[in-house]
Structure formats: C-alpha cells, structure tokens
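Topology and contacts: notes
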Amino acid sequence: MEHNVRQTKHSTSRRSFLRKGLVVGGAGAIGAGLLANGLPLPAFAEEGRASLTRGDVAILRFLAAAEILESDLWQQYNELGGIQDSEVPGGSGSAAYIKALEVLDEDMPQYIHDNTEDEFSHFTFINAYLVFKGADPVNLDKFRTLPSSKASGAQHIGRLTNLMQLSVDTSYWTKYRSRTQNPDFGDTFPPAIPGLLKGQFPAIPRNDGDLKGFKPGANPTIPKHLQAIANTAGFHFAFIEQGGTSLYPSLAQRVSNPEVLRILLSIGPTETAHFQTWQDKAGNAPALTDPTNGLVFPDLNASGSEDTQTNLIMPEPTIFLSRKFPPVSIIRPTQTEGAAMGAAKALTDDGLFIGQSKEFFAVLQQLAEAADAAHR
Ligand SMILES: [Fe+2]
Ligand SMILES: [Fe+2]
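The residue numbers shown here count from 1 along each chain, following its written sequence. The order in which chains are written sets their letters, starting at A; the order in which ligands are written sets their numbers, starting at 1. Only residues with pLDDT of at least 70 are given local features in this predicted model, and only at 80 or more are side-chain atom pairs given and counted; all residues enter the totals for whole chains, interfaces and linings. The side-chain values count all of the structure's non-hydrogen atoms but skip hydrogen atoms and water molecules.

Notes on the overall build of the chain
Helical segments are the DSSP runs of H or I of at least four residues, strand segments are the runs of E of at least two, and each set is numbered from the N terminus. In terms of regular secondary structure, the chain is built from ten helices and two strands. For the chain, the N- to C-terminal ordering of α and β elements is α-α-α-α-α-α-α-α-β-β-α-α. Think of it in three bands: residues with accessible area under 20% of the maximum for their type are buried, residues over 50% are exposed, and the middle band is partly exposed, with areas taken using a 1.4 Å probe on protein chains only. When each of the 376 residues of the chain is scored for burial, the buried share is 52%. Within the structure as shown, the chain displays about 16,400 Å² of accessible surface, and the carbon and sulfur contribution to it stands at 57%. With residues, only the protein chains shown are counted as cover, and all accessible areas are computed by Shrake-Rupley using a 1.4 Å probe.

Have a look at this one:
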C-alpha cells in the first residue's frame, strides 16, 4: 500500500508536467514506443509517469482484450441475426436465422444489436482510458485470421473468434439456481443442456446449406437443424455474459486506484444486465433434437426441479464466504485468485479460438497472468 501511495503522488506531478508540455501526441506516442519490446506493460509505469499501478494497467489491458474478443463474436452474431445500422454496421442479416432466433423472443435482433454495441463501447473506452493514462492500448488485429460464415448476410473478413465449432457449457444455468452450492466453495454444477458439451456445434449458420428447408411467411417453416443453431446461440449468449458478470467483480478486488475501481464497478453490471436478459430468452428455446447431429435440447421444465426451471432467472440465494452466514443472492463465482486465467480458459474451452495461432494463445495467457498478478 505504502508503495502505491507514493507512486500515485509522484505520478500526479509528472502528469501535470505532461499536461503543460507534452500533451500533443505525448503519452500515447511514448507508450507505443516503449512497448516495442513486447512487454505487456509500459516501462514508464514503473517510473510513475502514469498514475496507475502496474497491476491496474494489467487488469485494464486484460479486460480490453476480453472486450475485443467479445466484440468480435457479437459482431458475427449481429451481421446475421441482429440489426445492421450506423451504430453497428457490417453484414446484411439472414432472414431465416433471424426467424429462428425470434422463436426465443421477437426482440432478439434488437438485443443482439445492443449487446454488440455495448461490447464495442467497452473495449473502446478502456483502450482510450489506457492511452489517456500513458499506458499502451490493446490491439489484437493481427490475430483476425479465422474464417467468416459463408452464409448470405455475413461479411467476408478475418475473425478473432470461431462461432461454428462451439462446446457451450450451460452449467451456469444450475449454478445460479442452486440454493446450497457455490463455485467459490469448489462446487461443480451439471449443464442444463448436456449435449452442447458433447461435440462442436454452430451457433450461426455456417453456409446457406444450414438454412435448408426454411420457408418464409406469416407462419414460417423453421427446420429443426436451423432452430438448433438458434437455440445454441441463445444459450451461448448467456454463457458469454455470465462470464463477464463474474470477471469484473473478481478482478475489481485487485484494483488499487479508485477511478479504475469505478470503471470496473460501472462496466461489470452491464454484463450482468446482458446475462439476465439472455438467460430469460434461452429459457424460451424450444425442446428439439437436431436430426443432422443428434443434439438434444430437453424440456427444462419437465422434471419440475428448480435446478432447471426456466423462469428462475434471478440468482437464487446461496452460500457466500462461509456456511455460517445465511444464504444470500449473489453473483458467483467472485473468487479473485486466478480469475483472468479462469476466464481465458473458459473461452478457450468454449471452442471460440479453434484455429487460432500459438502466438494468440501466448498473448492471451500473458495478459491474463499479468492481470492475476495484480494486487493492492
Ligand atoms: Fe463487455
Ligand atoms: Fe459482455
């Protein structure tokens, strides 16, 4: 703590100097130069020119990377299933995919659009803040190498993430419905849709062949395979956003600077707002079996168990900190130890990065380890 306080005082005077003399092209340009050595942190952070500690910069840089990855996957969903406009440009939509998504909720295209816009704003803000503080922003453009969907409506550009070979972990469903268990106590939870973990499934149409049999109209014909793709997307949306819901409070516990803490405490709950919405919509996914691959979406209300009941979309009270305390409705997990690496692993296990280079995984790991090493 003592060290941080001294560093902050020192940095304030350096910033004043920066404002007087070096503002134009100053901090950002210097930061970029010093980072030519590939270090995840600007060397001058140690000198105190930036008011942020090394740890705070590392946390913000990992979050910027996570938000860039989120933006990339949401962009792909928006091109085919959302609303393409000046706020979220790119793509021209797939009428068949949109109809299948609208079975979950007729407002799905609007929600997909808004979630996409939010993610772009998250990484753009965090990167701008890093630059303002004299730290280096995150840029993953060189890893935009994965193929786009070949379905009509998608842009044909390089991607960071792969939405066509997902293994979606739906244990978040039972995790948030349990009244007696908490992942921070080492508890594990069964997936609501076990089949989604037993293979690799598309969450967007891979090509127009995935839309085969669709007939538009007032009562459109939606083939089971296409509906299974939309169902997969519905459960994947909630998977992604429950991850952000835990990541922000987990990392906030390592932040030193009150303003950085404010950033984490202000962005984090928007991830929760997303999760809440998506969990509600996923509960409307129709029960079916995909005839092309056997993927089963069971009727989650059939058992009568609260562990899968679809309208239990608010976190059930559960154990927290110690079993001696009464159960409380909370975000879970929020354990701070290894939280960034845990998030990176969850996204990797999801299949999002299938096809990415070794260098991509090395950079992601470096960013995550630096964030996890942060401390007050
Ligand atoms: Fe986000
Ligand atoms: Fe998000």
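Structural notes on unusual backbone geometry
Cis geometry is found at the peptide bond from Arg 332 to Pro 333, where omega equals -5°. Mapped onto the fold, Pro 333 is located in the loop between strand 2 (296-297) and helix 9 (339-349). Even without glycine at this site, Leu 321 takes up a positive phi of about 65°. Tracing the backbone shows Leu 321 in the loop between strand 2 and helix 9.

Details of helix 10 (residues 358-372)
With 15 residues, helix 10 extends 21 Å from end C-alpha to end C-alpha; this agrees with the ideal 21 Å at 1.5 Å per step. Where helix 10 is concerned, the buried positions are Phe 360, Leu 364, Leu 367, Ala 368, Ala 370, Ala 371 and Asp 372. The inward-facing, buried residues of helix 10 contact helix 3 (54-81), helix 7 (224-252) and helix 9. A helix is expected to reach a length of 1.5 Å times the quantity of its residues less one. A contact between two residues is defined here by any heavy atoms of the two lying within 4.5 Å.

Details of the coordination of the iron ion (ligand 1)
Only N, O and S atoms count as donors, using a 2.8 Å limit from the metal and a wider 3.2 Å limit for Na, K and Ca, and since water is excluded some coordination spheres may look unfilled. Only Glu 67 (OE), Glu 67 (OE), Glu 70 (OE), Glu 119 (OE), His 122 (ND1) and Glu 271 (OE) from the protein reach the iron ion (ligand 1) as donors, at distances of 2.0 to 2.6 Å. Taken together, the six donor atoms surrounding the iron ion (ligand 1) define angles of 56 to 167° at the centre, an arrangement classified as irregular. Between consecutive donors of the iron ion (ligand 1), the numbers of intervening residues give the motif E-x2-E-x48-E-x2-H-x148-E. Separation of the iron ion (ligand 1) from the iron ion (ligand 2) amounts to 3.4 Å, with Glu 70 serving as a shared donor to the pair. Linking Glu 70 in helix 3 with His 122 in helix 5 (residues 108-132), this pair joins segments that are 52 residues apart in sequence. Residue class for Glu 70 comes out buried when judged on its relative accessible area of 9%. Among the residues examined, His 122 registers a relative accessible area of 6% and is labelled buried. Irregular is the label for any site that misses the other tests, which are tetrahedral for four donors with all angles between 85 and 135 degrees, and square planar for four donors or octahedral for six when opposite donors exceed 155 degrees and the remaining angles lie between 65 and 115.

Quick look at the coordination of the iron ion (ligand 2)
Ideal geometry at a metal gives 109.5 degrees between four tetrahedral donors and either 90 or 180 degrees between six octahedral ones. Distances from the iron ion (ligand 2) to its protein donors, namely Glu 70 (OE), Glu 119 (OE), Glu 241 (OE), Glu 241 (OE) and Glu 271 (OE), fall within the range 2.0 to 2.6 Å. Binding-site remark: the iron ion (ligand 2) is held by donors from one chain whose sequence spacing is E-x48-E-x121-E-x29-E.

Observations concerning the side chain of Glu 67
Among the structural elements, Glu 67 can be located in helix 3. One buried charged residue, Glu 67, forms no salt bridge at all, with the nearest opposite charge on Arg 144 at 12 Å. Polar contacts, as used here, are pairs of N or O atoms within 3.5 Å; protein pairs need one atom able to donate a hydrogen and one able to accept it. Residues neighboring in sequence count only if both atoms are side-chain atoms. Side-chain polar atoms of Glu 67 contact the side chain of His 122, separated by 3.3 Å. Ignoring any residue separated from it by four or fewer positions in sequence, one finds Glu 67 in contact with Glu 119, His 122, Phe 123, Ile 126, Tyr 248, Ile 267 and Glu 271. By the counting rule applied here, Lys and Arg register as positive and Asp and Glu as negative, while His and the ends of each chain are not counted. A pairing counts as a salt bridge when a side-chain nitrogen of Lys or Arg comes within 4 Å of a carboxyl oxygen of Asp or Glu.

Re the nonpolar core
Among soluble globular proteins, nonpolar side chains are generally buried collectively. Of all hydrophobic cores here, the largest spans 88 residues; its most connected members are Leu 60, Phe 62, Tyr 77, Phe 235, Phe 237, Leu 251 and Leu 264. When residues of this core are traced back to their parent elements, those giving at least two are helix 3, helix 4 (95-102), helix 5, helix 6 (171-175), helix 7, helix 8 (258-282), helix 9 and helix 10. Residues in contact with Leu 60, not counting those within four places in the same chain, are Leu 52, Ile 126, Tyr 129, Leu 130, Val 260, Ile 263 and Leu 264. Here, nonpolar core means buried Ala, Val, Leu, Ile, Met, Phe, Trp, Tyr and Cys residues that are tied together by side-chain atoms lying within 4.5 Å of each other.

Focus: the packing of helix 4 against helix 7
An axis is simply a line fitted to the C-alpha atoms; with a helix, the fit covers only the stretch in contact. Between two such axes, the angle follows the N-to-C directions and lies from 0 to 180 degrees. Close contact between helix 4 and helix 7 brings their axes to 8 Å; oriented N to C, the two are set at 60°. Considered as vectors, helix 4 and helix 7 are oriented oblique to each other. Pair helix 4 / helix 7 crosses with right-handed handedness. Between helix 4 and helix 7, the residues in contact are Ala 96, Tyr 97, Ala 100 and Leu 101 and Leu 226, Gln 227, Ile 229, Ala 230, Ala 233 and Phe 237, respectively. An angle below 35 degrees is treated as roughly parallel, one above 145 as roughly antiparallel, one from 65 to 115 as roughly perpendicular, and anything else as oblique. By definition, turning the near helix anticlockwise from the far helix through less than a right angle yields a left-handed crossing, and turning it clockwise yields a right-handed one.

Description of the packing of helix 5 against helix 7
Two elements in contact, helix 5 and helix 7, have axes separated by 13 Å at closest approach and are oriented at 35°. As for how helix 5 packs across helix 7, the hand of that crossing is left-handed. Every residue of helix 7 that contacts helix 5 at Met 108, Ile 112, Asn 115, Glu 119 and Ile 126 is listed here: Phe 237, Glu 241 and Tyr 248.

Notes on the environment of Val 328
Residue placement: Val 328 occurs in the loop between strand 2 and helix 9. For Val 328, a relative accessible area of 31% puts it in the partly exposed group. For the pair Val 328 and Thr 318, spaced ten residues apart in sequence, the C-alpha to C-alpha distance is 5.3 Å.

Considering the confidence of the model for the chain
Atom-level detail of predicted coordinates should not be read off regions where pLDDT is low. Residues with a pLDDT of 70 or more make up 87% of the chain, whose mean pLDDT is 90. Below a pLDDT of 50 lies the segment residues 1-50, which in the model reaches 56 contacts outside its immediate sequence neighbourhood of four places, other chains included. The quantity known as pLDDT measures the predictor's confidence residue by residue, on a range of 0 to 100.

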